[in-house]
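# Structure assessment
Given next are the chains, with one letter for each unit.
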Amino acid sequence: MNLKNKKLTDEQFFSLREEVLSQWPTGKEVDLQEAVDYLKQVPEEKNFAIKLEKAKKEGVTLAQPRAGVALIDEHIELLNYLDKEGGADLLPSTIDSYTRQNRYNECQVGIDESIKAGRSLLNGFPGVNHGVKGCRKVFESVNLPLQARHGTPDSRLLAEIIHASGWTSNEGGGISYNIPYAKAVSVEKTLRDWQYCDRLVGFYEEQGIKINREPFGPLTGTLVPPSTSNVVAIIEALLAAEQGVKSITVGYGQCGNLIQDVAAIRALEEQTEQYLKKYGYNDVVVTTVFHQWMGGFPEDESKAFGVISLGASTAALAGATKVIVKTPHEAIGIPTKEANASGIKATKMAINLLEGQRLAMSKELELEINVIKAETKCMLDKIFEIGGGDLAIGTVKAFEQGVVDIPFGPSKYNLGKMMPARDNNGAVRYLMTGNIPFSKELLDFNRERLEERGKYEGREVDFQMTVDDIFAVGKGKLIGRPE
Ligand SMILES: CCC[C@H]1O[C@@H](n2cnc3c(N)ncnc32)[C@H](O)[C@@H]1O
């Protein structure tokens, strides 16, 4: 394996670039020097990294929706509606599934069919097919910073096009956009491809242009224990920093127990900064993003607003820099612009009412922060050990061996021996740890918390708890109690 956690040299980067830009005709629209000049004229209020850094300094939580449709003018109308009517602080362009699989031919069919049908027949914005011209038109027609959100194992061409278009943030990473999104793409390949995306950002940073990178926190969004999502976020932050990224937003998907969720964000921010400093990356601005509940939603829209408001409140009480907003159409599918805007409004109402408030430190909160950090450290120590000190090599081996193991990941490169379940307070614990190298103390802690639930419910601690928990929220409860 010649993968190394080493900054790509200019020669390595530019030799790869030829092939990347040749993958679709719109790649020819990317001219790096011209893109630098274009990015230099992006006003501060439309720069994602700058707006996040400002929010961190002011201690405010920004609200960002997901949104994407097939055609440029409709996409612009949607984004401006979410800004003006919804009150979004940051804008996405959620990229369609064909683009995520680099299937640009099918994207083109989707675009052509959408034009004929007069409505979006893609589940997102096909940024590569619209090219720099189209993506710049979107950027120039909105008034907020713009970010690509997707799930693309090989995002190299998409990154080239969106950044050249003034979009100053890209979501994703070599683990977080592989294991939850692909069945058969090797971790080695996606780590390498995302080194390219990060090196591109590093190149722009060297030209004085701030661009934000955001590892995808929630992963499979299904009972992912905080230390599992945090370890992935920290790995991707370190790999990005090595390529010259200076603005990193690490993320976490709401699990539902308030204290554990606040602890997850606090541990994530502190431990990411600690590891960046430990490995010499002293000039990286770390921000956090809290994703509102990523699991099954209630169909009833009023109940959905309950879930959305709890997520908004948790993000505010945790002091997250950003919260990703869900909509009352979550259980149905792609939201209408009205439903999308209403999710943002509910979110901002909760955030505004909680302005300046944080969940106070308590012995329970301190315990959860310490447990998450200790679990995360067990995995990271092992990764560096099996990688012979190289994080990228260690990460590939960690997935082969199940040192890091993401629950319900479709990837064949994920061992899949770890299984989570909620304890009696709804906190997500490790029911089965597979090959995750936890200390005995941590294994006992997780077991004891689950035994408490078993005792309370009068049943065995087993996989049925996991199954019941998966369906619980959709049925209006957090914990999947036996029926
Ligand atoms: C990992 C992201 C999953 C979430 O991403 C939302 N999502 C996906 N595609 C779109 C879109 N085109 N417009 C608005 N939301 C979208 C889903 O609803 C889900 O919540």
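Each remark here, short or long, concerns the structure printed above.
These lines cover the structure that appears in this document, whether it is placed above or below. Here the residue index of a chain counts from 1 through its sequence in written order. Given that this is a predicted model, residues contribute local features only at a pLDDT of at least 70 and side-chain atom pairs are listed and counted only at 80 or more, while totals for whole chains, interfaces and linings are drawn from all residues. As a convention, hydrogens and water are excluded, and side-chain values are obtained from all of the structure's heavy atoms.

### Things to note about the overall build of the protein chain
Which entries qualify depends on this criterion: Numbered from the N terminus, helices here are DSSP runs of H or I no shorter than four residues, and strands are runs of E no shorter than two. Only C-alpha atoms enter the radius of gyration; for comparison, a globular chain is expected to reach 2.2 Å times N to the power 0.38, where N is the number of residues. Relative accessibility under 20% of the residue-type maximum defines a buried residue, over 50% an exposed one, and the middle range a partly exposed one, all with a 1.4 Å probe and only protein chains included. Contacts between residues were defined by any pair of non-hydrogen atoms, one from each residue, lying within 4.5 Å. Using a 1.4 Å probe, the Shrake-Rupley method yields the accessible areas, and only the shown protein chains count as cover for residues. Residues scored as positive are Lys and Arg, those scored as negative are Asp and Glu, and His as well as the terminal groups of each chain are ignored. In this description, the location of a charge corresponds to atom NZ of lysine, CZ of arginine, CG of aspartate or CD of glutamate.
Looking only at helices and strands, the protein chain has 17 helices and ten strands in total. Scaling as 2.2 N^0.38, a compact globule of 483 residues should have a C-alpha radius of gyration of about 23 Å, and the protein chain matches this with 21 Å. Summarising its shape, the C-alpha atoms of the protein chain cover approximately 65 × 50 × 40 Å along the three principal directions. When burial is assessed residue by residue, the protein chain has 62% of its 483 residues classed as buried. For the protein chain, contacts bridging at least 24 residues in sequence account for 75% of all contacts bridging at least 6. Carbon and sulfur atoms provide 52% of the accessible area of the protein chain, an area that totals close to 18100 Å². Across the protein chain, the mean location of the 57 positive side-chain charges is 1 Å away from that of the 66 negative side-chain charges.

### Some thoughts on the site of the ligand
Our working definition: We call a residue near a molecule or strand as soon as one heavy atom of that residue lies within 4 Å of the molecule or strand. Polar contacts here mean pairs of N or O atoms no more than 3.5 Å apart (in protein, one a potential hydrogen donor and the other a potential acceptor; neighbouring residues in sequence count only if both atoms are side-chain atoms).
Near the ligand you find Arg66, Ala67, Gly68, Thr94, Asn123, Tyr181, Phe216, Met294, Lys326, Glu330, Ile334 and Pro335, and these make up its full shell. Contact between the ligand and Glu330: an oxygen atom at 2.7 Å from a side-chain N or O atom of the residue. Contact with the protein chains hides 80% of the accessible area of the ligand, taken as 440 Å² for the molecule alone.

### Brief notes about a nonpolar patch on the surface
This is how the line gets drawn: Any residue with relative accessible area above 30% and no salt bridge may belong to a patch, with like charges joined within 9 Å and the nonpolar Val, Leu, Ile, Met, Phe, Trp and Tyr side chains within 5 Å. What makes a salt bridge here is a side-chain nitrogen of Lys or Arg within 4 Å of a carboxyl oxygen of Asp or Glu, nothing more.
On the surface, Phe408, Met432, Phe463, Ile470 and Phe471 cluster together into a nonpolar patch covering about 440 Å² of accessible area. The leading source of residues in the nonpolar patch is helix α17 (residues 463–472), at three residues. Relative to the helices and strands, Ile470 is located in helix α17.

### Regarding the packing of aromatic side chains
Applied cut-off: Two rings from Phe, Tyr or Trp (for Trp, the six-membered ring) form a pair when their centres sit within 6.5 Å of each other. Planes less than 30 degrees apart are called stacked, planes more than 60 degrees apart edge-to-face, and all others tilted.
For the structure on display, the rule yields 15 aromatic pairs. Consider the rings of Phe13 and Phe14, whose centres lie 5.1 Å apart with planes at 70°: the pair is edge-to-face. Using a relative accessible area of 1% as the deciding quantity, one classes Phe13 as buried. Measuring from ring centre to ring centre gives 5.7 Å for Tyr181 and Phe216, while their planes differ by 55°; the resulting arrangement is tilted. Pair noted here: Tyr181 is in the loop between β4 (169–171) and α9 (187–206) and Phe216 is in the loop between β5 (212–214) and α10 (226–242), with a separation of 35 residues, a long-range link. Its relative accessible area of 27% is what places Tyr181 among the partly exposed residues. On the accessibility criterion, Phe216 (5% relative accessible area) is buried.

### Looking at the nonpolar core
Selection rule: We define a nonpolar core as any set of buried Ala, Val, Leu, Ile, Met, Phe, Trp, Tyr and Cys residues linked to one another through side-chain atoms lying within 4.5 Å.
Ranked by internal contacts, the top residues of the largest apolar core, which has 125 residues, are Trp167, Tyr204 and Ile383. Setting aside chain neighbours within four positions, we find Tyr204 in contact with Leu32, Ala35, Val36, Leu39, His163, Ala164, Ile209 and Ile211.

### Some words on the environment of Met419
You can see Met419 is positioned in strand β9 (residues 418–422). Separated by 30 residues in sequence, Met419 and Gly389 place their C-alpha atoms 28 Å apart. If near-sequence neighbours (up to four positions away) are discounted, Met419 is found in contact with Phe408, Arg429, Tyr430, Leu431, Met432, Phe463 and Thr466.

### Notes on the pattern of salt bridges
Under the definition given, this model contains 45 salt bridges. The partner of Glu242 in a salt bridge is Lys6, and the shortest N-O contact between them spans 3.8 Å. Taken together, the residues Glu242 in helix α10 and Lys6 in the segment before α1 (10–21) connect sequence positions 236 residues apart. With a relative accessible area of 56%, Lys6 lands in the exposed category. Residue Glu206 pairs with Arg199 through a salt bridge whose shortest N-O separation is 3.4 Å. Taking relative accessible area as the criterion, Glu206 reaches 45% and is therefore assigned partly exposed. One continuous salt-bridge network, built from bridges that share partners, spans Arg453, Glu457, Arg459, Asp468, Asp469 and Arg481.

### Quick word on the side chain of Gln195
Topologically, Gln195 is positioned in helix α9. Assessed through its relative accessible area of 5%, Gln195 is described here as buried.

### Some remarks on the side chain of Glu457
Within the fold, Glu457 resides in helix α16 (residues 440–457). Of note is the side chain of Glu457, whose polar atom sits 2.8 Å from the side chain of Arg481. Apart from the residues within four sequence positions on either side, Glu457 is in contact with Met465, Ile479, Gly480, Arg481 and Pro482.

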